[in-house]
Amino acid sequence: MQIAIFGLGKMGGQIARRLQANGFEVLAWNRSKEPREEVAKAGVKTFADIGELIKNLSDQPRVFWLMLPQAIVHDFIFGEQGLMFYLKEGDIVIDGGNSFYKESIKLSVLLKAHNIHFYDCGTSGGVWGEKDGFALMVGGPKEQWPAVEPVFKALSSGENYGLVGDNGAGHFVKMVHNGIEYGMMEAIGEGYAILQTSHFKPDLKTVTKIYRQGSVVRSWLVDLMANIFEHENIDATSGQIGMLGEGEWTVEAGHELGVDVRVLEEAVNVRKESSDPKNQQKFSNKVVALLRKQFGGHGVVKK
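Residues numbered from 1 in each chain as written. Predicted model: local features only at pLDDT ≥ 70, side-chain atom pairs only at ≥ 80, totals over all residues. Heavy atoms only, no water.

### With respect to the environment of S32
Turning to step 1, where the next piece is worked out: Structurally, S32 is set in the loop between β2 (25-29) and α2 (33-40).
Turning to step 2, where the next piece is worked out: Each C-alpha atom of the pair S32 and L8 lies 9.0 Å from the other, and the pair is 24 residues apart in sequence.
Turning to step 3, where the next piece is worked out: One polar contact links S32 to N30, side chain to side chain, over a distance of 3.0 Å. (Helix = DSSP H or I, 4+ residues; strand = E, 2+ residues; numbered from the N terminus. Polar contact = N/O pair within 3.5 Å; in protein donor to acceptor, adjacent residues only side chain to side chain.)

### As for the packing of aromatic side chains
Remark: the centre distance and the inter-plane angle together describe each pair of aromatic rings, the angle taken between the planes.
Turning to step 1, where the next piece is worked out: This model, assessed by the stated rule, comprises 15 aromatic pairs.
Turning to step 2, where the next piece is worked out: Ring geometry for W29 and F76: centres 5.3 Å apart, planes at 45°, overall tilted. You can see W29 sitting in strand β2 and its partner F76 sitting in helix α4 (residues 73-78), a full 47 residues away along the chain. For the pair shown, W29 and F76 are each scored as buried.
Turning to step 3, where the next piece is worked out: An aromatic cluster is present here, built from W65, Y119, W145, F152 and Y161 joined pairwise through their rings.
Turning to step 4, where the next piece is worked out: One residue, R271, lies across the ring of Y182, its end atom 3.6 Å from the ring centre. (Phe/Tyr/Trp six-rings, centres within 6.5 Å; stacked < 30°, edge-to-face > 60°. Buried < 20%, exposed > 50% of the residue type's maximum accessible area, 1.4 Å probe, protein only. Lys NZ or Arg CZ within 6 Å of the ring centre and 35° of its normal.)

### Some remarks on the packing of helix α8 (residues 169-197) against helix α10 (residues 220-231)
Turning to step 1, where the next piece is worked out: Where α8 meets α10, the closest approach of the two axes is 11 Å, and the angle between their N-to-C directions is 50°. Taken as axis vectors, α8 and α10 run oblique relative to one another. Two packed elements cross with a definite hand, and for α8 against α10 that hand is right-handed. Listed contacts from α10 to M184, M185, I188 and Y192 of α8 are L221, V222, M225 and F229.
Turning to step 2, where the next piece is worked out: Split by residue class, the contact of α8 with α10 holds 8 nonpolar, no polar and no charged. (Axes fitted to C-alpha atoms, helices over the stretch in contact; angles between N-to-C directions. Parallel < 35°, antiparallel > 145°, perpendicular 65-115°, else oblique. Left-handed = near helix turned anticlockwise from the far one by under 90°. Contact = heavy atoms within 4.5 Å. Nonpolar A, V, L, I, M, F, W, Y, C, P; charged D, E, K, R; others polar.)

### Side note on helix α11 (residues 246-257)
Turning to step 1, where the next piece is worked out: If you check α11, its first and last C-alpha atoms are 16 Å apart, about what 12 residues at 1.5 Å a residue would give, namely 16 Å.
Turning to step 2, where the next piece is worked out: Those residues of α11 lying buried are E246, G247, W249, T250, V251, A253 and G254.
Turning to step 3, where the next piece is worked out: Each element contacted by the buried residues of α11 is listed here: α8 and α12 (262-273).
Turning to step 4, where the next piece is worked out: Taken from the residues just after α11, G258 is the one with a positive phi, measuring 75°. (Expected span 1.5 Å × (residues − 1).)

### Brief notes about the layout of surface pockets
Turning to step 1, where the next piece is worked out: There is about 1100 Å³ of room inside the largest pocket.
Turning to step 2, where the next piece is worked out: Residue assignment for the lining of the largest pocket shows that the elements contributing at least two residues are α1 (10-21), β6 (117-124), α6 (129-132), β7 (134-139), α8, α10, α11 and α13 (283-296).
Turning to step 3, where the next piece is worked out: Per-element tally for the lining of the largest pocket: the top contributor is α8, with 7 residues.
Turning to step 4, where the next piece is worked out: Residue composition of the lining of the largest pocket, grouped by class: 21 nonpolar, 20 polar and 8 charged. (1 Å grid on protein atoms, 1.4 Å probe; cavity = no way out; pocket = protein on both sides within 12 Å on 5 of 7 lines; lining within 4 Å. Points joined across faces, edges and corners; volume = space filled by probe spheres on them.)

### So, the pattern of salt bridges
Turning to step 1, where the next piece is worked out: What the rule picks out here adds up to 15 salt bridges.
Turning to step 2, where the next piece is worked out: In this structure, E248 and K272 form a salt bridge, with 2.7 Å as the shortest nitrogen-oxygen distance. One end of the pair, E248, is in helix α11; the other, K272, is in helix α12, and 24 residues separate them in sequence.
Turning to step 3, where the next piece is worked out: Each member of the salt-bridge network shares a partner with another, and the members are E232, K293 and K302. (Salt bridge = Lys/Arg side-chain N within 4 Å of Asp/Glu carboxyl O.)

Pasting the structure below:
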């Protein structure tokens, strides 16, 4: 099965290589040269020109996977000489990035007017997804699902994918996932800060070893704490925490729906406040910043 991938950044490159390794014929476009050269090492066919890529697609229906920043998705499709110039009836477009779910709904309507099928896919797994499989939350039409399910299954670890609703649902579920992530990471950071500050001064590597097996709080995030204590210098790390927006979107959705989201809201506020230098010494903030680095490869600021 052929699939065209547009955008070979941190996640797009992983997706291209994992699909290629699972028997797909992957054709990939990226504006800059270096990412194209990197995925080409895995056998992916790469193109600097969108039109040239399209000429090499023969499968029907044609499947186009976008792994682009959400701010440029609309223009990439509908801009001058954008992807829409090459699309035709029956094609399938998948947006696998972190797009806002309301924008995904609008996009699906615009494409449906041209009889083009659209799926919005929330993609989780960070820098570990290529090896371990991604978790994939998909929104879109049921009718075309059999045509694209093999793509999602190959990218997953086997069962952690699914069609969760109509267009917009995939990115909505992923948005909430990231909001929950904010709260969980903040709870871990604050808990470890209490441990670190207490007069007991427990060895945090030992505490983590205990938490990881058999405890109620065992989780992948706690597993990643072991990596932090093994490989990172917490003291030399700034507690400035980056954020991409999904947590804030989740809080806004909670307010719109009348749902109490006080934990998620405070987690978002902590990240906003971490831009203040006086908060960048907080142990909990340093932990959260390093957790983001561990699972997503996000950069941290060194002191």
